[in-house]
Amino acid sequence: MAESVFAERIVQNLLDTDFYKLTMMQAVLHNYPNAEVEWEFRCRNAEDLRPYLAEIRYQIERLAELEATPDQLAFLERIPFIKPDFIRFLSLFRFNLRYVHTSIEDDQLAIRLRGPWLHVILFEVPLLAIVSEVRNRYRYREVVLEQVGEQLYRKLDWLAGNASEEELKEFQVADFGTRRRFSYRTQEEVVHILKRDFPGRFVGTSNVHLAREFDVKPIGTMAHEWLMAHQQLGPRLIDSQIAALDCWVREYRGQLGIALTDCITMDAFLSDFDLYFAKLFDGLRHDSGDPLAWAEKAIAHYRRLGIDPMTKTLVFSDGLDMPKALQLFRALRGKINVSFGIGTNLTCDIPGVEPMNIVLKMTACNGHPVAKISDTPGKTQCRDENFVAYLRHVFKVPV
């Protein structure tokens, strides 16, 4: 009998989330324990998710059952930059369901989060994984686990056939696929196969639980919310990115040194990313816009500052697949170090399955709007058009 692709639980435990949620959560505990935030869910492809509302609510309620076990906390204790007080906080942490509101608005599924950033921050990834898997359980009941492995082996075979041995020695891939995975078991199978059959080139997973299960590196630093929140936490809007980067440096003292560049656009980011930050951070992460144009800007910026780009790393994580990653690798090889975080194309790529395009983004901090503009038109998300216009004006971002 074919093995089911769906496990009994959708979210396995507190560590079944992206690593950067925990790294940001520690920084919030230490720096902004009283910040209040709001978040909103959006299905970018306007799919009708109303039929799944009851099941989504049931699965969200099950999050309240989760608590960190001594074994899980011991795993985090071995990570040098995770602090003892944060471990203690996590041992007490529970998902508080009063901060989550699900409903139907304008014939669309609506999910809103409102509450202390410290207690809301861990909801994002499990909620997206729940929406994705609930929908897939209804729409694709016939999918079996074998299909997941077959599809992944096709990609690894393609890579072996198209990349030279020399190229493959340097080619680095990580799994970034928790939030829009087809199911938990799909992601588990992907990480298992990559660890076993792609050794040396599979550098880790964003999923902390799977990193622990398969003894691979948990990967992640910061997300857009870190920079967005600082639009209302810092002294002046124009200094918000500097404040976010500065706080990160003070928290992690040179560890976790990959900075995210597209909260307000790459150009606006680079104007704040001076010699001080360029020396302190190990590299940059790409998440929107033309990846090659972005990379060339980063390389030129490092050179202008007198920094050898070969001492830095660019991490690509925007809608990647193996062919795109190989193309970028070849274009940048010898110019700067590169690594690739592949998400949906690893954990929700099954023949006949249409992946979801869903996001859950921070919309307000301390009662005031925050926004992400990004380098891709259409990825801008903010309820307040006036604030977006103001943000563009302050950072000189053309419409």
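Residues numbered from 1 in each chain as written. Predicted model: local features only at pLDDT ≥ 70, side-chain atom pairs only at ≥ 80, totals over all residues. Heavy atoms only, no water.

A word on the side chain of Arg181
Piece 1. Following the sequence through the fold, Arg181 ends up in the loop between β4 (173–175) and α9 (184–197).
Piece 2. Excluding anything up to four places from it in sequence, Arg181 contacts Ile10, Val11, Asp16, Ala129, Ser132, Glu133, Asn136, Gln187, Asn207, Thr347 and Cys348. (Helix = DSSP H or I, 4+ residues; strand = E, 2+ residues; numbered from the N terminus. Contact = heavy atoms within 4.5 Å.)

What to know about the pairing of strand β9 (residues 337–342)
Piece 1. Within β9, five of the six residues are buried, leaving the element largely enclosed by the surrounding structure.
Piece 2. Pairing of β4 with β9 involves three bridges; the strand directions are parallel. Residue pairing across strands places Asp175 opposite Ile342, the latter belonging to β9.
Piece 3. Relative to β9, strand β8 (residues 313–316) runs parallel, the two being bridged by four bridges. Looking at β9, one finds that Val315 is bridged to Ser339.
Piece 4. The parallel pair β8 and β9 is bridged by helix α16 (residues 322–332), and the resulting crossover is right-handed. (Buried < 20%, exposed > 50% of the residue type's maximum accessible area, 1.4 Å probe, protein only. Pairing = 2+ DSSP bridges. Right-handed = clockwise from strand over helix to strand, strands pointing away.)

Digging into the sheet that holds strand β1 (residues 36–43)
Hydrogen bonds between backbone groups are what pair the strands of a sheet, and the pairing can be parallel or antiparallel.
Piece 1. Spatial ordering of the open sheet is given by β2-β3-β1-β10-β11, a layout of five strands whose pairing is antiparallel. The open sheet terminates on both sides in strands that have one partner only, identified here as β2 (100–105) and β11 (368–369).
Piece 2. Taken together, the seven bridges between β1 and strand β10 (residues 358–365) define a ladder with antiparallel strand orientation. Paired with Val37 across the two strands is Cys365, which belongs to β10.
Piece 3. Along the sheet, helix α6 (residues 124–139) contacts β1, β2, β3 (108–116) and β10; its crossing angle with β10, the most-contacted strand, is approximately 145°. (Axes fitted to C-alpha atoms, helices over the stretch in contact; angles between N-to-C directions.)

Structural notes on the pattern of salt bridges
Piece 1. One pass over the full model with this rule turns up 31 salt bridges.
Piece 2. A salt bridge links Asp71 to Arg212; the nearest nitrogen and oxygen atoms lie 3.9 Å apart. Taken as a pair, Asp71 in helix α3 (residues 70–77) and Arg212 in helix α10 (residues 208–214) lie far apart in primary sequence, 141 residues in all.
Piece 3. Given a relative accessible area of 52%, Asp71 falls into the exposed group. (Salt bridge = Lys/Arg side-chain N within 4 Å of Asp/Glu carboxyl O.)

Let's talk about the domain arrangement of the protein
Piece 1. According to the domain assignment, the protein contains domain 1 (19–141 + 359–367) and domain 2 (145–348).
Piece 2. Summarising the inter-unit geometry, the C-alpha centres of domain 1 and domain 2 are found 22 Å apart.
Piece 3. Listed per partner, the contact involves 38 residues of domain 1 and 34 residues of domain 2.
Piece 4. Taken together, the links from domain 1 to domain 2 amount to three salt bridges.
Piece 5. Between Lys21 and Glu225 there is a salt bridge; the shortest N-O distance is 2.4 Å.
Piece 6. Between domain 1 and domain 2 we count 17 residue pairs in polar contact (both at pLDDT 80 or more) in total. (Domains from an automatic or database assignment. Polar contact = N/O pair within 3.5 Å; in protein donor to acceptor, adjacent residues only side chain to side chain.)

Focus on the environment of Val143
Piece 1. In this structure, Val143 sits in the loop between α6 and α7 (145–162).
Piece 2. For Val143, a relative accessible area of 5% translates into the label buried.
Piece 3. Separated by 210 residues in the primary sequence, Val143 and Val353 have C-alpha atoms spaced 8.9 Å apart.
Piece 4. Apart from the residues lying within four places of it in its own chain, the contact partners of Val143 are Val5, Phe182, Ile350 and Val353.

Describing helix α2 (residues 53–62)
Piece 1. All buried positions along α2 are accounted for by Leu53, Ile56, Gln59, Ile60 and Arg62.
Piece 2. Elements in contact with the buried residues of α2: β2, β3 and α6.

Focus on the UniProt feature "modified residue: Phosphohistidine" (unreviewed entry) in the protein
Piece 1. UniProt records the feature "modified residue: Phosphohistidine" (unreviewed entry) for His224 in the present numbering.
Piece 2. Position of His224 among the secondary structure elements: in helix α11 (residues 224–233).
Piece 3. Setting aside residues no more than four positions away along its own chain, His224 makes contact with Leu260, Asp262, Cys263, Asp287, Lys361 and Lys372. (UniProt positions renumbered as here; feature names shortened; annotations may be inferred.)

A closer look at the sheet that holds β4
Piece 1. One open sheet accounts for six strands, arranged β5-β4-β9-β8-β7-β6; its pairing is parallel. Taken across any chain shown, the strands that pair with only one partner, and hence form the sheet edges, are β5 (202–205) and β6 (258–260). Along the sheet, successive strands turn relative to each other by an average axial angle of 25°, direction set aside.
Piece 2. As defined by bridge partners, β6 adjoins strand β7 (residues 283–286) across three bridges and the pair is classed as parallel. Bridging across to β7, Ala259 finds its partner in Leu284.
Piece 3. Across the sheet, α9 touches β4 and β5, and the angle it forms with β5 is around 155°.

Things to note about the packing of α3 against helix α4 (residues 84–92)
Piece 1. Contact geometry for α3 and α4: axes closest at 10 Å, N-to-C directions at 160°. Considering their axes alone, α3 and α4 lie roughly antiparallel with respect to each other. The element α3 and its partner α4 pack so that their crossing is right-handed. Residues Leu73, Leu76 and Glu77 of α3 form the contact with α4, whose participating residues are Ile87, Leu90 and Ser91.
Piece 2. For the contact of α3 with α4, the per-class residue count stands at four nonpolar, one polar and one charged. (Parallel < 35°, antiparallel > 145°, perpendicular 65-115°, else oblique. Left-handed = near helix turned anticlockwise from the far one by under 90°. Nonpolar A, V, L, I, M, F, W, Y, C, P; charged D, E, K, R; others polar.)

What to know about the packing of aromatic side chains
Geometrically, a pair of aromatic rings is defined through the distance of the ring centres and the angle of the planes.
Piece 1. The final tally for this structure, using the stated rule, is 22 aromatic pairs.
Piece 2. Ring centres 6.4 Å apart and planes at 45° place the aromatic pair Phe89 and Phe93 in the tilted group. Comparing Phe89 with Phe93, the two get one shared label, buried.
Piece 3. Judged by centre distance (6.1 Å) and plane angle (45°), the ring pair of Tyr140 and Phe182 falls under tilted. One end of the pair, Tyr140, is in the loop between α6 and α7; the other, Phe182, is in the loop between β4 and α9, and 42 residues separate them in sequence. The two residues Tyr140 and Phe182 agree in class, both being buried.
Piece 4. Put simply, the rings of Phe19, Tyr32, Phe81, Trp117, Trp226, Trp248 and Tyr252 pair up and form one aromatic cluster. (Phe/Tyr/Trp six-rings, centres within 6.5 Å; stacked < 30°, edge-to-face > 60°.)

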